[in-house]
Amino acid sequence: MPQLAFANSFWHSFDVLEKPVKAGVRKAMEKFQQLTIAELRADKGLHLESVHNARDPRMRTIRINDFWRGVVLAPDDGSDTFLLLNVVPHDDAYTWAAKRLYTVNTATRALEVRNVTAIEQLTPALEKAAAAAPSLLFARHSDTVLRDLGIDDQVLPAVRTIVDKPQLEAFGTLLPEDQFEVLQYLAEGFSPDEVYRDLVVERRPADAPTEPNESLAMAIANTASRITLVTRPDELAEILDKPFAAWRVFLHPSQRRVAYRVSYKGPRRR
């Protein structure tokens, strides 16, 4: 039977939906627990449909009702885990899905998403502006160092255009999550060794192979900080009933530097 997982982007959209739409989401999600993968693909009510011209060929939409659609990342590698990404109005669902690409981070092995269309469109203009800038935020870090921390070859040119921390934060919603967090840490003055220790080592599976070759299901399992996996039949209702804020607590790297200062021996208030 297929497994179901929820990305953080889903919770942001689900929490603000009206009750009838939420009920439609629950009904659609229950089918993932009741039907086989073949039955899911054939179910006319769910209407699992490919997204035309999607940058990620695994993108699918499902019918919630006549107006709302769910966006799903469907496995194409023999694994059985479907990832629910968003719930949005019909036309917006296809636009949102077409622009995004999900990849496995080469350092952490986690699944992360980028708005690949926006990055490609913005990078040339940013490169032109960066050429006239007196300094760049990540100039002191070599390409090799950034790649070792998981910055990939599509993101790297954009990283080389970033002038300061406000520009990084503004650009952050387009970047893959682990890569953006690495850049935040570096921008706050953490050394590459510290970033590797505190982020990469903490998140990367101990038995990860030299080259990333994980299935979608394995990548989802490696991304517990951003993806909620349904592991029991009775867990779906519990997950959907809990507000997004209850699932996640996030510290900005500048806060983490204070909270986890090595001189502290225990809990501390400031």
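Predicted model, so just to flag it, every value in this text is computed and none were measured.

## Looking at the pairing of strand β4 (residues 68-73)
By the criterion of burial, β4 is predominantly enclosed, with 6 of the 6 residues buried. Relative to β4, strand β3 (residues 59-63) runs antiparallel, the two sharing 5 bridges. Considered in β4, the bridge of methionine 59 is made with leucine 73. Hairpin connection, β3 to β4: the antiparallel pair is bridged by 4 residues.

## Topic: helix α10 (residues 192-203)
Here α10 spans 16 Å end to end across 12 residues, near enough to the 16 Å set by a 1.5 Å rise per residue. Those residues of α10 that sit buried are Val195, Asp198, Leu199 and Val200. Along the long axis of α10, the arc covered by the buried residues comes to 155 degrees, so they all point the same way. Residues of α10 that are exposed and point over 90 degrees away from its buried face: Asp193 and Glu202.

## Here's the deal with the sheet that holds β4
Pairing in this open sheet of 6 strands is mixed, and the strands run β2-β3-β4-β5-β1-β8 from one edge to the other. The two strands at the open ends of the sheet, each matched to only one other strand, are β2 (49-50) and β8 (227-229). Bridging between β4 and strand β5 (residues 81-89) involves 6 bridges; their strand directions are antiparallel. Bridge assignment links valine 72 to a residue of β5, and that residue is leucine 84. In this fold helix α2 (residues 19-34) packs onto β1 (3-7), β3, β4 and β5, with an angle of close to 120 degrees to the strand it touches most, β3. The strands touched by helix α4 (residues 90-99) within the sheet are β2, β3, β4 and β5, with β5 carrying the most contacts at an inclination of about 130 degrees.

## Let's talk about the environment of leucine 126
Relative to the elements of secondary structure, leucine 126 occurs in helix α5 (residues 116-131). Since its relative accessible area comes to 18%, leucine 126 is described here as buried. Each C-alpha atom of the pair leucine 126 and threonine 161 lies 5.7 Å from the other, and the pair is 35 residues apart in sequence. With near-sequence residues (within four places) excluded, leucine 126 lies in contact with Thr161, Gln167 and Phe171.

## Section: the packing of aromatic side chains
Evaluation of the coordinates by the stated rule reveals 8 aromatic pairs. One aromatic cluster is present, formed by Phe6, Phe10, Trp11 and Phe14 through successive ring pairs.

## Focus on the packing of helix α9 (residues 177-187) against α10
Two elements in contact, α9 and α10, have axes whose closest approach is 9 Å; the angle formed by their N-to-C orientations is 150 degrees. Put simply, α9 runs roughly antiparallel to α10. The two elements α9 and α10 cross, and the hand of that crossing is right-handed. On α10, the residues touching Asp178, Glu181, Val182, Tyr185 and Leu186 of α9 are Pro192, Val195, Leu199 and Arg203. Within the contact of α9 with α10, the residues separate by chemical class into 6 nonpolar, no polar and 3 charged.

## Comments concerning the pattern of salt bridges
In the structure shown here, the tally under the stated rule is 14 salt bridges. Across the pair aspartate 43 and lysine 31 runs a salt bridge, and its minimum N-O distance is 2.8 Å. In this pair, aspartate 43 sits in the loop between α3 (37-42) and β2 while lysine 31 sits in helix α2, placing the two residues 12 residues apart along the sequence. Lysine 31 matches aspartate 43 in its accessibility class, with the two residues each being buried. Where arginine 226 meets glutamate 177, a salt bridge forms, and the shortest distance between an N and an O atom there is 3.8 Å.

## As for the confidence of the model for the chain
For the chain, per-residue confidence averages 88 on the pLDDT scale, and 88% of positions sit at 70 or higher. A low-confidence stretch, residues 256-270 stays under pLDDT 50, and its non-local contacts, those more than four residues away or across chains, total 14 contacts.

## Side note on the side chain of arginine 60
Among the secondary structure elements, arginine 60 is positioned in strand β3. Buried arginine 60, no salt bridge; nearest opposite-charge side chain is aspartate 76, N-O distance 6.9 Å. Within the structure, the side chain of arginine 60 is placed 2.8 Å from the backbone oxygen of proline 57, a separation counted as a polar contact. Ignoring any residue separated from it by four or fewer positions in sequence, one finds arginine 60 in contact with Leu48, Glu49, Ser50, Val51, Gly70, Val71, Val72 and Ala74.

## What about the nonpolar core?
In this structure, Phe138, Ile151, Leu168 and Val195 are the most contacted members of the largest nonpolar core, which totals 28 residues. Secondary structure elements with two or more residues in this core: α5, α7 (155-159), α8 (165-171), α9 and α10. Sequence-distant contacts of valine 195, that is, excluding residues within four places in its chain, are made with Leu149, Val182, Tyr185, Leu186, Phe190 and Val200.

What counts, and where the lines are drawn
Residues numbered from 1 in each chain as written. Predicted model: local features only at pLDDT ≥ 70, side-chain atom pairs only at ≥ 80, totals over all residues. Heavy atoms only, no water. Buried < 20%, exposed > 50% of the residue type's maximum accessible area, 1.4 Å probe, protein only. Helix = DSSP H or I, 4+ residues; strand = E, 2+ residues; numbered from the N terminus. Pairing = 2+ DSSP bridges. Expected span 1.5 Å × (residues − 1). Arc of directions from axis to C-beta. Contact = heavy atoms within 4.5 Å. Axes fitted to C-alpha atoms, helices over the stretch in contact; angles between N-to-C directions. Phe/Tyr/Trp six-rings, centres within 6.5 Å; stacked < 30°, edge-to-face > 60°. Parallel < 35°, antiparallel > 145°, perpendicular 65-115°, else oblique. Left-handed = near helix turned anticlockwise from the far one by under 90°. Nonpolar A, V, L, I, M, F, W, Y, C, P; charged D, E, K, R; others polar. Salt bridge = Lys/Arg side-chain N within 4 Å of Asp/Glu carboxyl O. pLDDT = per-residue confidence, 0-100. Lys, Arg positive; Asp, Glu negative; His and termini not counted. Polar contact = N/O pair within 3.5 Å; in protein donor to acceptor, adjacent residues only side chain to side chain. Core = buried A, V, L, I, M, F, W, Y, C linked by side-chain atoms within 4.5 Å.

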